[in-house]
Amino acid sequence: MYLFVLIAMVSCNSHKILYAYEDSKSDIYAVLELSEKNYDVHFKYVNPKVNYEYIEILGKKNYSYDIGIPIFFDLFIIDNKKDVHVCGTFDNEQAFIYEKDKEQKDKIILIKKGQVKCLEQYGITQFPPHMTKVKKMDYSKFPEDIQEAVIAIDKGKSAEKVDAILAKAKKAN
């Protein structure tokens, strides 16, 4: 019985591939999460150079490129006032594409940045030049006052729950 539970837990976790980028000098942290099961792609990004505490870009992989967001679906932002902004388009705009580094198996390199109206509207033009494969996301790299909200988003909590967490963070400031 315990073996079955262990196998089930391991198999559930093995359906995501994570790549991360970290620049300790500028406090930029990004994670590219690829789902092997349903081809979903999530890009989570913190860059203190912009006016947003957290950016998540959603998309789908396609057959030509399996790393990055070649098909853009949605943009979710938490700004520095703890307000949420959502912007979506379904025009098959390409956000960014990476390819595997031939010399390092665990590294991907940015090869193409697309023009997405939604991203340009919020001034999001920079993507990590490279990312390295990691086993798990480091939530401590996200701003402390929104870490709980980011975890709730990742666990698929409702919009109401995320809003309540952000409202609590607003009151604390």
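The preceding data block contains the structure.
Counting of residues starts from 1 at the beginning of each chain's written sequence and follows it residue by residue. The model is predicted, so local features are restricted to residues of pLDDT at least 70 and side-chain atom pairs to those at 80 or more, both for listing and for counting; the totals for chains, interfaces and linings are taken over all residues. In computing side-chain values, all of the structure's heavy atoms are included and hydrogens and water are not.

Caption draft 1: Local environment of the pattern of salt bridges. Any Lys or Arg side-chain nitrogen located within 4 Å of an Asp or Glu carboxyl oxygen qualifies as a salt bridge. Applying the stated criterion across every chain, the model contains 11 salt bridges. A salt bridge links Lys16 to Glu33, with the shortest nitrogen-to-oxygen separation between them at 3.5 Å. With Lys16 in strand E1 (residues 16–23) and Glu33 in strand E2 (residues 28–35), this pair connects stretches of sequence that are 17 residues apart. Salt-bridge contacts for Lys141 lead to Glu22; the nearest nitrogen and oxygen are separated by 2.7 Å. Taken together, the residues span a long stretch of sequence, with Lys141 in the loop between strand E10 (130–134) and helix H3 (147–154) and Glu22 in strand E1 at a distance of 119 residues. Only protein chains enter the calculation, and the probe is 1.4 Å; a residue is then buried if its accessible area is under 20% of its type maximum, exposed if over 50%, and partly exposed in between. Residue Lys141 is classed as partly exposed on the basis of its relative accessible area of 32%. Via salt bridges that share partners, Lys16, Glu33, Lys44, Glu56 and Asp154 belong to a single interconnected network. A run of H or I in DSSP becomes a helix once it reaches four residues, and a run of E becomes a strand once it reaches two; helices and strands are each numbered from the N terminus.

Caption draft 2: Representation of the state of the cysteines within the structure. Counting rule for disulfides: a pair of cysteine sulfur atoms within 2.5 Å. Within this structure, the stated rule accounts for one disulfide. Here Cys87 is linked by a disulfide to Cys118, with a sulfur-sulfur distance of 1.8 Å. Of this pair, Cys87 sits in strand E7 (residues 84–88) while Cys118 sits in helix H2 (residues 117–121); the two residues are 31 residues apart in sequence, bridging distant segments of the chain. In terms of burial, Cys87 and Cys118 fall into one category: buried.

Caption draft 3: Main features of the nonpolar core. Working definition of a nonpolar core: buried Ala, Val, Leu, Ile, Met, Phe, Trp, Tyr and Cys residues. They are joined through side-chain atoms within 4.5 Å. Grouped together as the largest cluster of nonpolar side chains are 30 residues, with contacts concentrated most on Leu32, Phe43, Ile57, Leu75, Phe96, Leu119 and Met131. When contributions to this core are tallied by element, the ones reaching two or more residues are E1, E2, strand E3 (40–46), strand E4 (52–60), strand E6 (71–79), strand E8 (96–100) and H2. Considering every element that reaches this core, the biggest residue donor is E2, with four residues. If you look at the next biggest cluster of nonpolar residues, it comprises 17 residues, including Leu18, Phe142, Ala152 and Val162.

Caption draft 4: Representation of helix H4 (residues 159–172) within the structure. Over its 14 residues, H4 extends 20 Å from the first C-alpha to the last, a length consistent with the 20 Å expected when each residue adds 1.5 Å. Turning to H4, its buried residues number three or more, namely Val162, Ile165, Leu166 and Ala169. Buried residues along H4 cover an arc of 95° about the axis, so they all sit on one side. Structural note: H4 exposes Glu160 and Lys171 on the side pointing more than 90 degrees away from its buried face. One less than the number of residues in a helix, times 1.5 Å, gives the span that helix is expected to have. Taken from the helix axis, the directions to the C-beta atoms give the arc we talk about.

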